[in-house]
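Structural characterization, general
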Amino acid sequence: MCGIVGYIGPRCATDVIMDGLRRLEYRGYDSAGLALVPRAGGQVHVIKRQGEIETGLQRGLQEDPPRFSGAGIGHTRWATHGPPSDDNAHPHTDCTGSLAVVHNGIIENYFELGQALREEGHKFRSEVDTEVIPHLVETHRDAGADLLEATMEAVRNLRGAYALAVVESGKGDDGEALVGVRRESPLIVGVGEDEYFLASDIAAVLPYTRNVVILENGDFALLTRNGYAIFDESGQEVERPVEVVDWDAEDAERGGHPHFMIKEILEQPAAWVAALQGRIGDDTVYLPELEYTTGIVDRLSQVYLVGCGTSYHAALAARPQFERMLGIPARAEIASEFRYADPALGTDSLVVFVSQSGETADTLACLDLAKQADAPTLGITNVVGSSLSRGVDDVVFTRAGPEISVASTKTYTTQLLILDLIAGHLGTTRGMREENAQRMRAVLAHAPDLPGEAERLLDDQEAVLGVAGYLAPWEDAFFIGRGLDFAAAMEGQLKLKEISYIHAEACAAGELKHGTLALIEQDIPVIAISTQDHLREKMASNVEEVRARGGWICLVTDRPEDRTAAIADAVIPIPRTAEVLSPVLVALALQLLAYHTAVMRGCPVDKPRNLAKSVTVE
Ligand code: M6R
């Protein structure tokens, strides 16, 4: 998500903050800004620009050079609300311009809060959720609270997961103060010699100090020139240990992990929380983003789900759910094929585009095609302001945070979750059979537990490591599954081949005997996925077919106690959840498998040969 830096001390705050922002730019890169406290008091000096730091904010500093300041906050943004622009860039200020706020995360109730504040006469200048915060703090400041108390009061009104840094212009050096808040999103305090830092990542402060306090959920930090203090949620001052970090700067960018891919795999529980936040509750899906689609859903007679690579696999997994919930035919389509397939699109065809980047050329070409046919269009993307998000009738963001590794991980699993929510929402609007309503209720009941289940899976990687050890010397591998497990197999094989360079292919398990079985020879690795109750016996037979030809079987299953697991050579157990959601947990296991195998083979995990993160050419 976004990056936050704050500084108070004897150095030039502009230099320290700019340096920190450059180190955090990998977290977000559509705009950046800083707010500096003038020594003489008065308004904070805010400079913010759309674009990358070097071309945007750095130029802004040349156009509007700040005076020397020893306290300030900075932000590099990855948009979630409001497209990238100078106005939407952080920091955001109150009406008087004497306090400024930067924010990482989402304020769910910003709309209601904004309305109330506007009615009280507060003036807003942007479209972003963050802007309610400085106005709320201002209200409590006006009522006589100091900056810390006012921030604590303001935060009581906020719903969501976030980290904040607030700075206020005091009178002279003594009045300067920074306040940090941690609610789910990470925030640390860097402790230097007579200088103190706030940052969303340790990477930002490493050149200045290796002593850091990792704030706990609900904590507030108050930083002045005289020191720092931490307060818990109830406002009680608390001690938090100062930890000494021994990472080098490059490790720090990856949160101490050897690759972005593993960092992003591990971020999935948090990404799922963000993706689901405010979108489910009381057996209901809340997706106000679907305003247009909801209005026309009754006239639909078919749905196309279009994407490339991993995003196509998300479409493949969601297809049955769309067909069931909406009660009309749904098809998953590869964008590079669909664009030339002369599809029978019309005003009754909903075309759903799935794209992490929102910039994939083939997917955008399909969007043009849909628009020419006047078909309603819906986008699912991770990038606010992307071409896809701007071109479709409705867009739902996956909120996974920036993904740096070429191999998609957290953006894929958040796509799966969002697609399930959309199918449920549209199906409810159209009206669905009771058995499908039950299915949807099961999804809504189990989805909030997924992050916890993922944590358990991520904590114990022994089984996955064992299978990776077996796979690593091979040059071929097969993935088999039925129904949703076939979609999961497709993604599993792509992940393995793109980063480990092992030739991998997925086969619908029932299709084995129609050709692929000819390739199954002694000890060849076959990853069999079985999570769907109504297909379990059929899968068991397919596993037997492979075994009879001498294949080495790894069973990925939510029923490790079953007979099929007993005949497999290895088992990767995954937690049991609603059947529709199982591809999310299977994906996690197969991402880890691909990752560890690639590492064992010495492959350049984050940048596989011949591939690019965003494919903007045909
Ligand atoms: O940005 P998109 O989701 O549209 O990208 C489509 C594919 O290029 C992408 O999903 C690719 O297959 C993955 N990065 C592979 O892990």
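Residues numbered from 1 in each chain as written. Predicted model: local features only at pLDDT ≥ 70, side-chain atom pairs only at ≥ 80, totals over all residues. Heavy atoms only, no water.

Lining the immediate environment of the ligand, one finds 15 residues, of which Ser 311, Ser 355, Ser 357, Thr 360 and Glu 498 sit closest. A distance of 2.6 Å separates an oxygen atom of the ligand from a polar atom in the side chain of Ser 355. Between the ligand and Ser 357 there is a distance of 2.6 Å, counted from an oxygen atom to a side-chain nitrogen or oxygen. At the level of elements, helix 10 (309–326) and helix 18 (484–500) are the ones that each hand at least two residues to the shell around the ligand. Each residue belonging to the shell around the ligand can be placed in one class, and the counts come to 5 nonpolar, 8 polar and 2 charged. When residues are assigned to domains, the shell around the ligand turns out to be shared by domain 2 (262–454) and domain 3 (460–600), each giving three or more. (Near = heavy atom within 4 Å. Polar contact = N/O pair within 3.5 Å; in protein donor to acceptor, adjacent residues only side chain to side chain. Helix = DSSP H or I, 4+ residues; strand = E, 2+ residues; numbered from the N terminus. Nonpolar A, V, L, I, M, F, W, Y, C, P; charged D, E, K, R; others polar. Domains from an automatic or database assignment.)

By the element assignment, Gln 302 lies in strand 18 (residues 302–307). In this structure the side chain of Gln 302 is engaged in a polar contact, spanning 3.1 Å, whose partner is the backbone oxygen of Ala 344. The residues touching Gln 302, leaving out its near neighbours within four places in the chain, are Ile 328, Pro 329, Ala 344, Asp 348, Ser 349 and Leu 350. (Contact = heavy atoms within 4.5 Å.)

Right, let's get into the packing of helix 4 (residues 132–142) against helix 5 (residues 147–156). Interhelical geometry of helix 4 versus helix 5 gives an angle of 125° and a closest axis separation of 8 Å. It follows from the interaxial angle that helix 4 and helix 5 lie oblique. Between helix 4 and helix 5 lies a crossing whose hand is right-handed. Where helix 4 abuts helix 5, its residues Leu 136, Val 137, His 140 and Arg 141 lie against Leu 147, Ala 150, Thr 151, Glu 153 and Ala 154. The residue makeup of the contact of helix 4 with helix 5, split by class, is 5 nonpolar, 2 polar and 2 charged. (Axes fitted to C-alpha atoms, helices over the stretch in contact; angles between N-to-C directions. Parallel < 35°, antiparallel > 145°, perpendicular 65-115°, else oblique. Left-handed = near helix turned anticlockwise from the far one by under 90°.)

In this section: the domain arrangement of the protein. When the parts of a complex come together, some accessible area is lost, and that lost area is often used as the size of the interface. What the domain assignment reports for the protein is domain 1 (2–253), domain 2 (262–454) and domain 3 (460–600). Taking only C-alpha atoms, the centre of domain 2 and the centre of domain 3 are 26 Å apart. Facing 29 residues of domain 2, the contacting portion of domain 3 comprises 24 residues. The junction of domain 2 with domain 3 conceals about 2200 Å² of combined surface from both sides, 75% of it contributed by carbon and sulfur atoms. The interface formed by domain 2 and domain 3 contains 0 salt bridges. Residue assignment for the side of domain 2 that touches domain 3 shows that the elements contributing at least two residues are helix 7 (260–266), helix 8 (268–276), helix 10, helix 14 (410–430), helix 15 (434–446) and helix 16 (450–459). The dominant element in the side of domain 2 that touches domain 3, judged by the number of residues it contributes, is helix 10, at 8 residues. Across the side of domain 2 that touches domain 3, the residue classes break down as 17 nonpolar, 9 polar and 3 charged. (Buried area = accessible area lost by both parts, 1.4 Å probe. Salt bridge = Lys/Arg side-chain N within 4 Å of Asp/Glu carboxyl O.)

Let's shift gears to the sheet that holds strand 6 (residues 99–107). The strand order 5-6-7-8-12-13-14 describes an open sheet built from 7 strands, whose pairing is antiparallel. Each edge of the open sheet carries a strand with a single partner, namely strand 5 (92–93) and strand 14 (237–238). Sheet topology note: the strand 8 (residues 177–183)/strand 12 (residues 220–224) ladder contains 4 bridges and is antiparallel. Directly across from Val 179, in strand 12, lies its bridge partner Leu 222. On top of the sheet, helix 5 reaches strand 7 (160–168), strand 8, strand 12 and strand 13 (227–231); it is set at about 25° to strand 8, its chief contact. (Pairing = 2+ DSSP bridges.)

Moving on to the pairing of strand 20 (residues 349–355). One face of the sheet, then the other: side chains in a regular strand alternate in exactly this way. For strand 20, the tally of buried residues reaches 7 of 7 residues, placing the bulk of the element in the interior. What you see with strand 20 is no split at all: Ser 349, Val 351, Phe 353 and Ser 355 on one side and Leu 350, Val 352 and Val 354 on the other are buried throughout. As judged from the 5 bridges shared by strand 18 and strand 20, these two strands associate in the parallel manner. Note on strand 20: the bridge partner recorded for Val 303 is Leu 350. As paired strands, strand 20 and strand 21 (residues 377–381) are joined by 5 bridges and run parallel to one another. Looking at the pairing, Val 352 lines up with Leu 378 of strand 21. In this fold, the crossover linking strand 20 to strand 21 by way of helix 12 (residues 361–372) has right-handed handedness. (Buried < 20%, exposed > 50% of the residue type's maximum accessible area, 1.4 Å probe, protein only. Right-handed = clockwise from strand over helix to strand, strands pointing away.)

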